[in-house]
Amino acid sequence: MFGKLKTIAIALHKDERGDMAQIVLAVALIVIPLMLLLLAFGKQIGEWFNEKNTALSDAERIPEPGQ
C-alpha cells in the first residue's frame with residue numbers, strides 16, 4: 001500500500017508538464033502590461049525619442065582634447 005503511494009508521489013513530483021504553463025504565465029505577466037503601456041503612451045514615447053534624437057543631432061560636437 002505505502003509502496004504504491006510512494007510511487008505515485010514520486011511520479012507526481014517528476015511530472016514537469018506544468019513547468020511550461022508557469023513559464024508562459026510569467027512571460028504573459030511581463031508582456032501584457034508592457035503592451036498596454038505602449039498602446040496607451042506609444043505616440044508620446046515616439047515623440048519623446050524624436051525630440052531627444054533631434055537634440056543630439058543638433059548639439060555641437062565636443063572637440064577632442066588637444067585640438
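Quick caveat: nothing in here was measured; it's all calculated off a predicted structure. (Residues numbered from 1 in each chain as written. Predicted model: local features only at pLDDT ≥ 70, side-chain atom pairs only at ≥ 80, totals over all residues. Heavy atoms only, no water.)

1. Considering the overall build of the chain
We apply this condition: Per the convention used, a helix needs a DSSP run of H or I reaching at least four residues, while a strand needs a run of E reaching at least two, with both numbered from the N terminus. Note on classification: 1.4 Å probe, protein chains only; a residue is buried when its accessible area is under 20% of the maximum for its type, exposed when over 50%, partly exposed between these limits. Only the protein chains shown count as cover for residues, and the accessible areas themselves come from Shrake-Rupley with a 1.4 Å probe.
Of regular secondary structure, the chain possesses 2 helices and 0 strands. Counting across all 67 residues of the chain, residues that qualify as buried make up 0%. Working note: accessible area of the chain is about 6900 Å², and carbon and sulfur atoms make up 68% of it.

2. A closer look at the UniProt feature "transmembrane region" (unreviewed entry) in the chain
Applied cut-off: UniProt positions are given in the numbering used here, feature names are shortened, and annotations may be inferred rather than shown by experiment.
Sites flagged by UniProt as "transmembrane region" (unreviewed entry) map to residues 20-42. Overall, residues 20-42 shows 100% helix and 0% strand. The separation of its end C-alpha atoms is 31 Å.

3. What to know about the packing of aromatic side chains
Heads up, the rule is: Two aromatic rings from Phe, Tyr or Trp, using only the six-membered ring of Trp, form a pair when their centres are within 6.5 Å; if the ring planes differ by under 30 degrees the pair is stacked, by over 60 it is edge-to-face, and anything between is tilted.
This structure, assessed with the given rule, holds 1 aromatic pair. Measuring from centroid to centroid gives 5.0 Å for tryptophan 48 and phenylalanine 49, while their planes differ by 80°, and the two rings are edge-to-face.

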